[in-house]
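One-letter residues, chain by chain:
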Amino acid sequence: MARWLPRSADLTRFCQKLNRVKTLEDDMMETSFNRCLSTIDLTLLGIGGMVGSGLYVLTGTVAKEIAGPAVIVSFIIAGFASLLAALCYAEFGARVPKTGSAYMFTYVSVGEIWAFLIGWNVLLEYMIGGAAVARAWSGYLDSIFNHKIKNFTETHVGTWQVPFLAHYPDFLAAGILLVATAFISFGAKVSSWLNHVFSAISMGVILFILIMGFILAQPKNWSAPEGGFAPFGLSGIMAGTATCFYAFVGFDVIAASSEEARNPQRAVPRAIAFSLGLATGAYILVSMVLTLMVPWYTLDPDSALADAFYRRGYSWAGFLVAAGSICAMNTVLLSNLFSLPRIVYAMAEDGLFFQVFSRVHPRTQVPVIGIVVFGVLMALLALIFDLEALVQFLSIGTLLAYTFVAASIIVLRFQQQKVDVPAQPAGRQPSPEPGEGPNAGELKEYESFSDKLQLVDRDKSKEQREPGQLKAAFEPYLEFLSDFYPGEVVTVAVVTMMVSAICLCSILVFGNTHLHLPTWSYSLLLVLFSLGFLLSLLLIWAHEQQRSTQTFQIPLVPLSPALSIVLNIYLMLKLNYMTWLRFAIWLIIGLLVYFGYGIWHSKENLREPKAQRVSARYVVFPSGSLEETVQAVQPSAQPAAGLPHAHADESKR
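Numbers given for residues are sequential positions, taken from 1 along each chain in its written order. Totals for whole chains, interfaces and linings use all residues, but because this is a predicted model, local features are given only for residues with pLDDT of at least 70 and pairs of side-chain atoms are given and counted only at 80 or more. As a rule here, side-chain values cover all heavy atoms of the structure and leave hydrogens and water aside.

- The name an unreviewed UniProt entry gives the chain is Solute carrier family 7 member 4, with Nothoprocta perdicaria as the organism.

Okay, structure coming up:
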């Protein structure tokens, strides 16, 4: 029986495969894409990705069915939570200017399987986002022609009565996606030019909506006889917040396009800040105008803004809003079709997805195969699925990506910088041993003995501690943590913090409603999990961070990412159980793809046989002497003879 059980060494190697991180190139500006996008291009790309989908789709849906006029508060909370996530994306986009967005950020800091699952969910997020907006685009165009397109389709094609599917096939939505796919295939410059045109029209329509809407505003629509400002209470506001996250996925488009930015270190953070600020202001003001023009319970979820003007007697204004909203939704379609193939390209380039999607057209410098394949898949989703079912499923993928990116920021800040090591001049430390010159490229795998000689100097070691090491002020109180490798305690603390956050949010969401906990146990569990979260946060803060770099860095680390993690997990738990069920099914499909293809074709997997994993630990004794202990982590058929200064189980005194 025992012979069928895996050995501990095999399990260790398997876990190492799952959690291996991506090795970055020395020159991260080198790319097969065309770096042609400026800060304005990225900002308009982000605005186009956010303003349009949320503004013309979610305002009416959330106001009527979930939150009422308090949709304004839902957008404020969603905007604040998105700001925390956006700052994390901005730091990563500036430091790692590679396409892939949340997938790439997780791969370089947390591990391979987590990166694949994030990329797998972001992939679905963009497909659903494009399909949902295409159906909304079709609905607005249909409203201009008094729903003649819908009536014609139902009469001549038929209707369906199947849960989660549309009542009729939307050929118009599928058609616009195929047309947008054709334009995206021409390259980044053509896509950016089209986005500029549609974004300008969209912003003009928004200004018209605000001016005309405040003129027609009636404060009585927020009064108690009409249901009040928050008819669904705090629970409705928070449930609306989770759904409103769909409106803020646009800044993720900016991060996914960083490999085509001219100066990503400056352009990506600025574009994210500008686009998110403008979009949040637009959502709040338009939601206010919409719920003041007509009672919230009479809104048409499919075309709320245009219908509100029609019902107030301004049919010409409703026609203008519907036409402008179509232009705005065109920018969202372009943003989704622009980003999705690039994330697929990043996964395929790393070997985790099918290699055919990593091919870049030599003339247009875009992944044409990925654009065409996933454009067709988007069209099929828009053809048969219901808009509300698509939007509900979208939020959970976005929130999960935000959570992992926030955790990745903490892990990255407390890791030693591996990318810059080979580029450092040799004169920075004492001269290396003669045998070390040819093996300079192995500094990512091995730390030289001479690099640790500075530990003997107590004063210098306290002043110049490596990232991930315990701060000097906490050594007398947490001396037992000094034996761990730099960053090891932080990684464990991040996992503990996330588990505590999940438990804490579960008690807040389900404690009184589903679990029916008595007051004393409810309060006790809240205190215990809150203490676990705060202690993990303090333990992370007690370690050294990476020093300031020339690129953008999110302030107040680890507090800001930790708040983002808590908010995202809370909003995920507010989604209904059917969303979680569909999400679990999609994750299972993703795991089958990873273990069937990705884990075997990963480029990191191909690199492993070329280098022997060796870990070295140096201990400073009270006498000032230095002892070096070398342990083989992965056994090899040959002894570690290539190491110039390290021998197994050797000690130097």
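1. Points about the overall build of the chain
(1) Moving on: A run of DSSP states H or I qualifies as a helix once it reaches four residues; a run of E qualifies as a strand once it reaches two. Both are numbered from the N-terminal end. Scanning the chain from N- to C-terminus turns up 22 helices and two strands.
(2) Moving on: Only protein chains enter the accessibility calculation, which uses a 1.4 Å probe; a residue is then buried when its area is under 20% of its type maximum, exposed when over 50%, and partly exposed in between. Looking at the chain as a whole, 52% of its 653 residues qualify as buried.
(3) Moving on: Sequence separation of at least 24 residues holds for 81% of the intrachain contacts in the chain that already meet a minimum separation of 6.
(4) Moving on: For the area figures, the Shrake-Rupley method with a 1.4 Å probe applies, and any residue is considered shielded solely by the protein chains shown. Total accessible area on the chain stands at roughly 28,900 Å², and carbon and sulfur atoms take up 65% of it. Two residues form a contact once any of their heavy atoms are found within 4.5 Å.

2. Some words on the nonpolar core
(1) Moving on: Residues belong to one nonpolar core when they are buried, are Ala, Val, Leu, Ile, Met, Phe, Trp, Tyr or Cys, and are joined through side-chain atoms within 4.5 Å. In this structure, Tyr56, Tyr89, Met127 and Phe353 are the most contacted members of the largest nonpolar core, which totals 170 residues.
(2) Moving on: Leaving out residues up to four positions away in the same chain, Tyr56 has contacts with Tyr140, Ser202, Val205, Ile206, Ile209, Asp302, Leu305, Val321, Gly324, Ser325, Ala328 and Met329.

3. Comments concerning helix 4 (residues 71-95)
Given 3.6 residues to a turn, an α-helix orients residues that are three or four positions apart in the same direction.
(1) Moving on: What a helix should span is 1.5 Å times the count of its residues minus one. Over its 25 residues, helix 4 runs 35 Å from end to end, which matches the ideal 36 Å to within 8%, given 1.5 Å per residue.
(2) Moving on: Across the 25 residues of helix 4, 19 count as buried, placing the element largely inside the fold.

4. Side note on the pattern of salt bridges
(1) Moving on: What makes a salt bridge here is a side-chain nitrogen of Lys or Arg within 4 Å of a carboxyl oxygen of Asp or Glu, nothing more. The final tally for this structure, using the stated rule, is nine salt bridges.
(2) Moving on: Of the charged contacts in the structure, one is a salt bridge between Arg13 and Asp10, with a shortest N-O distance of 2.5 Å. In this pair, Arg13 and Asp10 both sit in helix 1 (residues 8-18), three residues apart, roughly one turn of the helix.
(3) Moving on: Accessibility expressed as a relative area gives 29% for Arg13, which makes it partly exposed.
(4) Moving on: Look at Asp10 and you get partly exposed, because its relative accessible area is 29%.
(5) Moving on: Here Glu260 ties to Arg342 by a salt bridge, and the two come within 2.6 Å at their closest N and O atoms. Of the two residues, Glu260 sits in the loop between helix 11 (250-256) and helix 12 (264-293) while Arg342 sits in helix 14 (residues 315-349), which places them 82 residues apart along the sequence.

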